[in-house]
Every structure is written in C-alpha cells, then in structure tokens.
Amino acid sequence: MQYRRTPFEAVTAALIRTIVLPIHGIGQKRYLKALQDARAVQRRTLFTKLERCADTRYGRDHDFAGIKSVADFRARVPINQYEDLAPYIKDVAAGDVGALFPPSEEVLAFACTTGTTGEPKLNPVTRSWLKEYRNGWDVWGSKAISEHPGTLGLMTLQISGPSELDRSQSGLPIGMASSVTARFQSAVVKSFYAVPMEVSDIADPLARYYLTLRLAMTQRVGFIVTLTPANLIRLAQIGNDEASALIRDIHDGTLRADLAIPASMRELVAAKLKVPHVARATELEAILARSGTLYPKDYWPLALMGCWIGGTVGYRAKNLARYYGDVPRRDLGLASTEGRHTIPLEDECAEGVLAVEGSYYEFIPVAEYGSAEAVPLEGADLDVGAQYNILVTTSSGLYRYDLGDVVRCTGFVGEAPVLAFLHKAGDTSDMEGEKISAFQITSAVGAAFDEQGLRAGLATAAAIRPEHEPPYYALLIEADRLDGGDQAQRFLKCFDASLIAQNVMYAGKRNDQYIGPPRLMRLVPGSWSSYSAALMAKRGTGDTQYKHASLISEPGWAEQFDVVEQIALADTVPVPASGTAAANQPQSAATARSH
C-alpha cells in the first residue's frame, strides 16, 4: 500500500535527515572504527571499569587496585553466577551503593529478569551503564533508520514489558530493561513514540494491546520495535479480533469501559482519545469491508520492523508478512537485562557484531564450559564456526558474569567477532548422550512447518522417559494448528529427519533405538495461552517478556496439559551416525490416543 507524506511529515523527515541522523552518525562511525582495533578497545573498556570501582567493596574484596593485566583480572576475579553477586546487589538495592559503585555513580533503577525458580534477578541501572546501553541502541537505530528513510517523520511503536513491577528497599523502581531504559529516553525521541511507555504497565494483556492499538491506529506508524515476533503477531490478531470495537471507539473518541484499564491510565490518555477520528474510522471500516481483515499492513505505512528473527524465538518471524506485509526486518541482536551485546548491521540477518565499547567480554568454548581448566578467550581470538559461552563485565556491577548464552562465531568485522545467538546454556536435553539443543529443536520444527506449507505455530519438545520403553521427544502443538493422520506423520518424519541431520549423536541413538521415534501431542486449543498466562502471573514479568520454550527436559512437565490425541511416528528409517542410509527397519506403528 502506497502512502503520501503529509507536509508536516516531509518537513520533519528533512530535519531528521539533515540534523539528527548526522549527530547520531558520529557514534556509528566511532563504533565501526573501533571494530578494527577491537582487542585494544575491549581492554580499555575493562580497565576503565576496574579503575572506577577499585575502592568499592567488591573492588577491595578482589584487589582491583592490583590488577595490571587481563591475566591478573582472571586470577583475582572468579567466574560468577548471579548468586555469587547477589549479596552485593542486594546491598545496593537496600541503599548501600558503595558495595558495587563509587560515590560518583548514580543508581537510577533496577532492571529485572526471572530465572527458572521465579526469583527475580536485579541488574542495577547506573548512569554509566545506561549511557553504554543507549550508545549501542543508537548505533543500531541510526544505521537502521538511515538505511530505511521511509521511517523518517513517522511515529515509532515500541512494545515493551512493564517498567515498574516493584520497588527496591531504597525506593527505586524495578522493571523490565526495555521499559526502564525507555523511561530515561530523551524528550525528542519520546515525542515520536506512538504510545506512552506507561501503557506497558497494564497487567491485562487484552487491555494493554487494545489500548496500544486504540492510540496507535489513529497515527501513522513507520517503525515498530519489540523483542519477540510473538508480540507483533498477538498485536495484529487482537487488532483484527477487536476491529469493530476499535473502529467504534476511534469514530466516537471513546475507550471501552469493559477493559481492565486502571483509572489512572484512563486519565493519562484521556486527552489523546477524546477527539473523534471520523475519517480514520471510515478508512478502517473500508479496509475491513474490502479485505475481510484489519491488519497493520493495511493501516500503517510501515517501513521497518525490529525484532528477533533468529535464535530459539525468532522462528515465528516468518509469519509476520501475513499481518504486516513485505516490510524489511532488522534483528535486534543479542540484548538482555545485562546489556546490549551485539549489533546486527543489515536486514534479515540474525547475526550481530560484538558491541565492543560497552561491556568487556570473554568467551569459553562450549566443550570447556564448566571445567576448572577452561581458558577464556577475548573476542578477537574466536574461531569461525565454533560455539562459545559468554562472560560479561559491565558498568552495572557484574564481573565475569556468566550470561548463560551460547553463541556461534560466524565471522569478523575487523577484530570484532560476528555472533549468532543459538540458545541458553541450559536449553539442552541429554537423555541418552544426544545433547539436543533448543536451537536444533527450533530449526527442526521450522523445517517441518515449512515442508507442510503451514504457518509456524507455538511448539515445544518435551523429553519423555517412559519406564518400560526407550525415551523419546514429544512435540506439543495445539490441535487446531496441525491435523492428525497423514499430516501428523509427515510432520513428525520431517522433524525427526532434521534432528538426525543436525545432531550426529541423536542420529546414532535413533539408529540404535536408544531413543524412540518422536511423537506428536495435539493439545486442546488455547493451551498455550493458558500456560503462558499462568506462568507470567507467577513470575510477574508480563506477557511481552514471555519467551516460549522450544525444549523442556524437566520430568513430567508435559503431564500438565490436556491432550486431544497422541501420535507416534510410524515406519521410520533412522540415519546412522556415520551419515549413511540405514536398512529399512520399521518402528512401531502404534498410535496412542487419550482424551
């Protein structure tokens, strides 16, 4: 759909192109230059942090003042899990900033994430950390926007998690990193936000997405940013499901009274909503009548989308075109509560170049991970094609922190590695020595959906260990997403073949029948929504931060779901570990059904 710029948008775009982008381009050029000398830049980054924090309690406990080399740093500072740093972080949260930071440092808030136990992990947001985090996003954003001038002068829709889940003992807000940092964004950037960041604090997902659309559908959005494609899909689906109500509210200048929107939020947005947009409502009504749907591809002049398109959650990005049209996509790179770690430099590419100016990074080869003899490497020393676990040292008080992520080095820009996120370090299953990873499961599920010509849907592989037969992997998929019978058999066959091709140990175990053929568990429709809602209610982190797990190895996990039908793969022909074809050895064709 073609859009003509309004005079105001044209003037604004010209100002951004001639004034704002060149200013931000200075940081982009500095970053690209730093990549050529990444080792020296990384070491300056490290020693600046150590010098600044030498007189903190953590600095004294680990003799920062005596560290003169990278070898000294590794000898004095151990590899840390969150639990190792938690006593210092908790003291900071209670008001004892000197536990981790010098008197010159200001702690503004805490970003949080949730571990598998549900216990929140806090990351202090300091002025120094925020500057580094923002610099990384500025490089990403200025490059992406300058290469997509269609975004200029239009509004940006950012979908984030809640900014205030709680307060620290010292009274500082605790929230999700994206919203916490947006709170401190410049007024100029905020003026282009289509929706106030406070909307992200609405607890009820339907109410939050509805209000987001109610505000944004009356504006011309050219750029949309969020972490997971699932957020974008959900937004589009709600916009279509609630089309009639949205059009009526836009026409009348109202907001539905039956939504769980706090009175304070209604008051905050009242001025923005009270003006009727009759012409816009008429336009939306015509779109709905013409196409039978109301999706963003028809009502926003989108020029760019930013979200994860790789790793274990990005596979759903292939479904975005249905809702958003053929819009360029720029991966956000490896970003977490702890910082901004990589910066993708082009569209449709999940790999990103190390953010060398923010934190200091060390890499442990996956084969050595957890070994006392492991020798960490600097980014400049990585091998292309090899996989690594990441350690990070930040300006938020994390030192040699095990990020828990596994990446693959795919190349270099100067001395800086280009990294592709694969999966979390714990996202593996090892029932019989096969060491299947979440990344491999995601790839196999995606291949199976593609082969069937189906839109990718939510799926989780669960490790099942029966008492009297070989263990196997069960794929949990809602019944309305995938039919039983022949379609299920073709899907399972492709899934199995993809795992065999990706993982030589799985191929061998399947061939030797130490691992049985995979099975399909067709779940009651709506199972994933109920599961995610219950999980997010328990964690208190909000659905926008929900990352659907592609692999679960926890015993008995799948038993919580209502299964419409369970189907086993029949007549499989596993490929042996050597890669040569095996003789035709039919497996059991039994199909178990439960209701």
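For clarity, every value in this text was computed on a predicted model and none was experimentally measured.

1. A closer look at the overall build of the protein
Alright, step 1. The helix and strand inventory of the protein stands at 19 helices and 23 strands.
Alright, step 2. Relative to a compact globule of 595 residues, whose C-alpha radius of gyration would be 25 Å, the protein shows 25 Å and is just as compact.
Alright, step 3. Each of the three principal axes of the protein carries a C-alpha extent, and together these read 70 × 70 × 45 Å.
Alright, step 4. Here the protein holds 595 residues, and 54% of them are scored as buried.
Alright, step 5. Sequence separation of at least 24 residues holds for 68% of the intrachain contacts in the protein that already meet a minimum separation of 6.
Alright, step 6. Carbon and sulfur atoms form 53% of the exposed surface of the protein, whose accessible area is close to 25100 Å².
Alright, step 7. On the protein, the mean spot of the 60 positive side-chain charges and the mean spot of the 68 negative ones are 6 Å from each other.

2. Focus on helix α9 (residues 205-216)
Residues spaced three or four apart along an α-helix point in a common direction, a consequence of the helix completing one turn every 3.6 residues.
Alright, step 1. Helix length check: α9, at 12 residues, gives a terminal C-alpha distance of 16 Å against a target of 16 Å (1.5 Å per residue), a fit within 8%.
Alright, step 2. Taking burial as the measure, the 12 residues of α9 include 10 buried ones, the bulk of the element.
Alright, step 3. Within α9 the residues assigned to the buried category are A207, R208, Y209, Y210, L211, T212, L213, R214, L215 and A216.
Alright, step 4. Sitting at the head of α9, D204 places a side-chain oxygen 3.4 Å from the backbone nitrogen of L206.

3. So, the confidence of the model for the protein
Alright, step 1. Averaged over every residue, the pLDDT of the protein is 87; residues scoring 70 or more account for 91%.
Alright, step 2. Confidence drops under a pLDDT of 50 for residues 573-595, and excluding neighbours within four residues, the segment shows 44 contacts in the predicted structure.

4. Re the packing of α9 against helix α11 (residues 243-252)
Alright, step 1. Orientation of α9 relative to α11, taken along the N-to-C sense of each, is 45 degrees, at an axis distance of 10 Å. Classified by the interaxial angle, the pair formed by α9 and α11 is oblique. Pair α9 / α11 crosses with right-handed handedness. Of α11, the residues touching α9 (which contributes Y210, L213 and R214) are A245, L246, D249 and I250.

5. Observations regarding the pattern of salt bridges
Alright, step 1. On inspection of all chains with the given rule, the structure shows 26 salt bridges.
Alright, step 2. Measuring nitrogen to oxygen at the nearest pair gives 2.4 Å for the salt bridge that ties D91 to R57. Within this pair, whereas D91 is found in helix α5 (residues 82-93), its partner R57 is found in helix α3 (residues 57-61), the two being separated by 34 residues in sequence.
Alright, step 3. A relative accessible area of 29% means that D91 is categorised as partly exposed.
Alright, step 4. Accessibility expressed as a relative area gives 26% for R57, which makes it partly exposed.
Alright, step 5. The salt bridge partner of D347 is R330, with a shortest N-O separation of 2.7 Å. Taken together, the residues D347 in the loop between β11 (342-343) and β12 (352-354) and R330 in strand β8 (residues 329-330) connect sequence positions 17 residues apart.
Alright, step 6. In the salt-bridge network here, residues are joined through shared partners; they are R39, R43, E378 and D381.

Basis of the calculations
Residues numbered from 1 in each chain as written. Predicted model: local features only at pLDDT ≥ 70, side-chain atom pairs only at ≥ 80, totals over all residues. Heavy atoms only, no water. Helix = DSSP H or I, 4+ residues; strand = E, 2+ residues; numbered from the N terminus. Rg over C-alpha atoms; globule rule 2.2 N^0.38 Å. Buried < 20%, exposed > 50% of the residue type's maximum accessible area, 1.4 Å probe, protein only. Contact = heavy atoms within 4.5 Å. Areas by Shrake-Rupley, 256 points an atom, 1.4 Å probe, with all protein chains shown as cover. Lys, Arg positive; Asp, Glu negative; His and termini not counted. Charge placed at Lys NZ, Arg CZ, Asp CG, Glu CD. Expected span 1.5 Å × (residues − 1). Polar contact = N/O pair within 3.5 Å; in protein donor to acceptor, adjacent residues only side chain to side chain. pLDDT = per-residue confidence, 0-100. Axes fitted to C-alpha atoms, helices over the stretch in contact; angles between N-to-C directions. Parallel < 35°, antiparallel > 145°, perpendicular 65-115°, else oblique. Left-handed = near helix turned anticlockwise from the far one by under 90°. Salt bridge = Lys/Arg side-chain N within 4 Å of Asp/Glu carboxyl O.

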